[in-house]
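# Topology and contacts: notes
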Amino acid sequence: MWIPIQINENSAEPLYHQIETQLKSLIISGVITEGTLLPSIREFAGELKCSVITVRRVYQDLENEGLLRTRQGTGTFVSHVGEGAMEGYKKEAIRKALENAVDVGLSVQCSKAELTELFTEIVKHKYGAKT
């Protein structure tokens, strides 16, 4: 199975985190559904042109979060994630992204009003003018 993960080698974000974040988003959004067999660690590392250790860490982290399950001799599958847990994952992902955006705004000395205006502008652009 091909998994649409985009790696930015120029990013300061660690490679495992880029992969983990994107894979988690694909699972949470339902693009990769419950019961889907993921590529083996070795196969996925080959596709992504990264270390087996990197992919193993991603799989272990997501398994610890309850998003994946591994069956010895069978492979790694997407776990059942309840609707309540799915909403929790979505909100947490959005919260982290917004906190990072606010931190960047603070670091470049943006005011609260400037950040709010910029956020509103982006939401209107992404969702259309009717928002």
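Note that the coordinates shown come from a computational prediction; the quantities given were computed from them, not determined experimentally.

### Some words on the packing of helix 2 (residues 41–48) against helix 3 (residues 52–64)
Remark: helix 2 packs on helix 3, axes separated minimally by 8 Å, with the N-to-C direction vectors making an angle of 115°. Both helix 2 and helix 3 take part in a crossing whose hand is right-handed. Along its contact with helix 2, which presents Ile41, Arg42, Phe44, Ala45 and Leu48, the element helix 3 presents Val52, Val55, Arg56 and Tyr59.

### Quick notes on the UniProt feature "domain: HTH gntR-type" (unreviewed entry) in the protein
Taking the numbering used here, the UniProt-annotated feature "domain: HTH gntR-type" (unreviewed entry) corresponds to residues 13–81. Regarding residues 13–81, the helix share stands at 51% and the strand share at 12%, and the terminal C-alpha atoms are separated by 27 Å.

### Section: helix 5 (residues 112–127)
Taking 1.5 Å of rise per residue, 16 residues should cover 22 Å, and helix 5 covers 22 Å from first to last C-alpha, within 8% of that figure. Remark: Gly128 follows helix 5 within two positions and exhibits a positive phi of approximately 95°.

Analysis parameters
- Residues numbered from 1 in each chain as written.
- Predicted model: local features only at pLDDT ≥ 70, side-chain atom pairs only at ≥ 80, totals over all residues.
- Heavy atoms only, no water.
- Axes fitted to C-alpha atoms, helices over the stretch in contact; angles between N-to-C directions.
- Helix = DSSP H or I, 4+ residues; strand = E, 2+ residues; numbered from the N terminus.
- Left-handed = near helix turned anticlockwise from the far one by under 90°.
- Contact = heavy atoms within 4.5 Å.
- UniProt positions renumbered as here; feature names shortened; annotations may be inferred.
- Expected span 1.5 Å × (residues − 1).

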